[in-house]
Amino acid sequence: MAEIAGTGRAEGRFSAQAYVGTHRARAHSGEAAERTRRRILAGLTSPARVGESTRTAARRRATWADAYRRRAVAGDLVVSVLTGVVTGLLAFPGWSLTRTAVAAVVMPLLWVGALALSHGYEGRYVGTAPEEYRAVVRTACYLVAAAGLVSYGLKLDVPRAIPLVAAPMLVVLGLTSRRVLRSDLGRRRRAGAETQATVIIGNARSVAPMIAEIQRAPEQGLRVVAACVSGLDLSGDVPSEVNGVPVFGYPEEAMSAVDLFDAEVVAVSSDPDLHGPELRRLAWSLEEREVDLVVSAGLLGVAGPRLSIRPTAGMPLLHVERPVMSGARRVLKGAMERLLTALLLLVALPVGLTIALAIRLDSPGPILFRQNRVGAKGESFSMLKFRTMCVDAEERLAALQRDAGNDVMFKMKDDPRVTRVGRLLRRYSLDELPQLLNVLAGQMSLVGPRPALQREVDAYEPDAVRRLRVRPGLTGLWQVSGRSNLSWDESLRLDLWYVDNWSMVLDLQILFRTARAVVRGTGAY
């Protein structure tokens, strides 16, 4: 068993000799071997797998990554061939079939080659990062700029139809192709396939939330198989667990865990005892095993575009941009939303009139329901909705609150106060159409946190008050991530993430996802 615990290259081992500090006294081979023996007997691993760990992990990582990359290249080839044919036919109507075929061959070579130069197929971004989408847009811009420079330098008469047709087609079809690939990969990963075995290292306080976040997003591809944790008592015969993940041992035994569990990724949480020289030695050991190293900065709710590395005095400092929801960007958001809202009101007018007639015929009472909600900076406003409940709904609320499935927000799946027409309107969120008038009046936004009731705001904890920094939205991350099925904690987490990471691109993504969520009608009641 001592040989099993010490598997791996002796010179690259991340052991007690390489991990100094408070753990030196307890990190000797006898304790590691005994803990490994207990876990093998408990069925956590098998000695037969130890010898093949490095080669197996590398082959498995290469297999799924290469398969995804091949599918991405195939999709880009189809997109570029179609774009080349359409561009040739529109830009040069008199072209022969041969010239059109040449365009259909040249375009894929340019597109795929430029994507490769723009990191569109880079391994660290494959299937995990928005960099794939950025590479598509960036490459299309590069090709348009290159075509302009070449035509100007060589004094070529390039038809305007080429950039006007080719660039939008490449962007739209390229993003669609990547979206389909990412959705398929997410489905595979949620089923447990094409994931990367991950070992977590850190202290007990930081490891648990890190594991919970990873388990909440299986589509990101990390599958936690073991944890090496400091601050836990591992002297007993029963293996310890953190959020259902077996604790292999202490952080200085990480390389044994990597070998035994065929890990492909080692994730380091915030650990005051693992930094500087120790972290560097760990990186060296993982390099020999072709295992990826990722380090958590201990930040929650911060999107990637707000993060950048600032080298200072030889130290890679992580710079976090301040959230921006003021100034020109806020004015632009308001102007664009009001313009889009005016167009939506014109389109939705016939639907609204039909709904109003159905409400009038279904039950007695007003067509519109007005309710005071709390908006930005705590200011109250009257929110409009199509009435979906009986007229005495508020009087019957107290008797139903005991059945609520949410600690702060009251939501009942089979609420007896909802009318027949109201149930249909709620399923497809049609009852919220009158809120377009609130958006037009500047009281709400198209996208933002859910508008809260005053009694809900009164029960807010300090963190939740941050939701009131922006105007509430007709839709938001809560709408596209589960709607009424979400707990209060999940709704709050999504709203705070939106407030801290808002961007125009994020708003557009939420609007597109809202259409799909509304059509499906899931999570609304």
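Our subject is the structure listed above.
Being a predicted model, the structure only gives us computed values, none of them experimental.

It is worth spelling out the sheet that holds strand β5 (residues 265–268) at this point. Judged by pairing direction, the sheet is mixed, and its six strands sit side by side in the order β3-β4-β2-β1-β5-β6 without closing on themselves. Of all strands in the sheet, those with a lone pairing partner are β3 (241–242) and β6 (292–295), marking the two edges. With four bridges connecting them, β5 and β6 associate as parallel partners. For A267, the partnering residue across the bridge sits in β6 and is V294. The sheet strands contacting helix α7 (residues 204–216) are β1 (196–203), β2 (222–230), β3, β4 (245–249) and β5, and the helix crosses β1 at an angle near 155°.

What follows is about unusual backbone geometry. Although it is not a glycine, N243 adopts a positive phi angle of roughly 55°. Looking at where N243 falls in the secondary structure, it is placed in the loop between β3 and β4. One non-glycine residue, D262, adopts positive backbone phi at about 50°.

To continue, consider the packing of helix α10 (residues 328–362) against helix α17 (residues 504–520). Running from N to C, α10 and α17 cross one another at 25°; their axes reach a closest spacing of 11 Å. Judged by the angle between their axes, α10 and α17 are roughly parallel. Every pair of crossing elements has a handedness; the one defined by α10 and α17 is right-handed. Contacts from K333, M336, E337 and L340 in α10 reach M504, D507 and L511 in α17. In the contact of α10 with α17, the residues fall into four nonpolar, no polar and three charged.

Turning next to the pairing of strand β9 (residues 368–374). Judged from the seven bridges that link them, β9 and strand β10 (residues 380–386) form a sheet pairing that is antiparallel. Paired with V374 across the bridge in β10 is S380. Between β9 and β10, which pair antiparallel in sequence order, lie five residues; one of them, K377, sits at a positive phi of approximately 60°.

Turning to a nonpolar patch on the surface, a few remarks are in order. A contiguous nonpolar surface patch, about 380 Å² in accessible area, is contributed by L299, L307, I309, L318 and V320. Contributions of two or more residues to the nonpolar patch are made by β7 (307–312) and β8 (315–320). According to the relative accessible area criterion, V320 is partly exposed, its value standing at 31%.

What follows is about a positive patch on the surface. A surface patch of positive charge is lined by R179, R513, R516 and R520. Secondary-structure assignment places R179 in helix α6 (residues 161–190). With relative accessibility at 40%, the residue R179 sits in the partly exposed group.

Rules of the game
Counting restarts for each chain: residues are numbered from 1 in the order of the written sequence. The predicted origin of the model limits local features to residues at a pLDDT of at least 70 and limits the giving and counting of side-chain atom pairs to 80 or more, whereas totals for whole chains, interfaces and linings rest on all residues. Side-chain metrics in this entry use all non-hydrogen atoms of the structure; hydrogen atoms and water are not considered. Criterion used throughout: strands pair if DSSP finds at least two bridges between them. Put simply, DSSP H or I for four residues or longer makes a helix, DSSP E for two residues or longer makes a strand, and each gets a number counted from the N terminus. Contacts are assigned to residue pairs with any non-hydrogen atoms lying within 4.5 Å of each other. Working convention: axes come from line fits to C-alpha atoms, limited for helices to the stretch in contact. Angles between N-to-C directions cover 0 to 180 degrees. Here the angle decides the label: under 35 degrees means roughly parallel, over 145 means roughly antiparallel, 65 to 115 means roughly perpendicular, and every other value means oblique. By convention, the crossing between two helices is left-handed when the near helix turns anticlockwise from the far helix through less than a right angle, and right-handed when the turn is clockwise. Note on residue categories: nonpolar means Ala, Val, Leu, Ile, Met, Phe, Trp, Tyr, Cys or Pro, charged means Asp, Glu, Lys or Arg, and polar means any other residue, Gly included. Patch criteria: residues need more than 30% relative accessible area and no salt bridge. Like-charged residues are merged within 9 Å; nonpolar side chains of Val, Leu, Ile, Met, Phe, Trp and Tyr are merged within 5 Å. Note on areas: these come from Shrake-Rupley sampling with a 1.4 Å probe, and a residue is covered only by the protein chains present in the view. We define a salt bridge as a contact between a side-chain nitrogen of Lys or Arg and a carboxyl oxygen of Asp or Glu at a distance within 4 Å. Here's how the labels work: a residue is buried when its accessible area is under 20% of the maximum for its type, exposed when over 50%, partly exposed in between, all with a 1.4 Å probe on protein chains only. Within this scheme the basic residues Lys and Arg register as positive and the acidic residues Asp and Glu register as negative, but His and the chain ends are omitted. Taken as the charge location is NZ of Lys, CZ of Arg, CG of Asp or CD of Glu.

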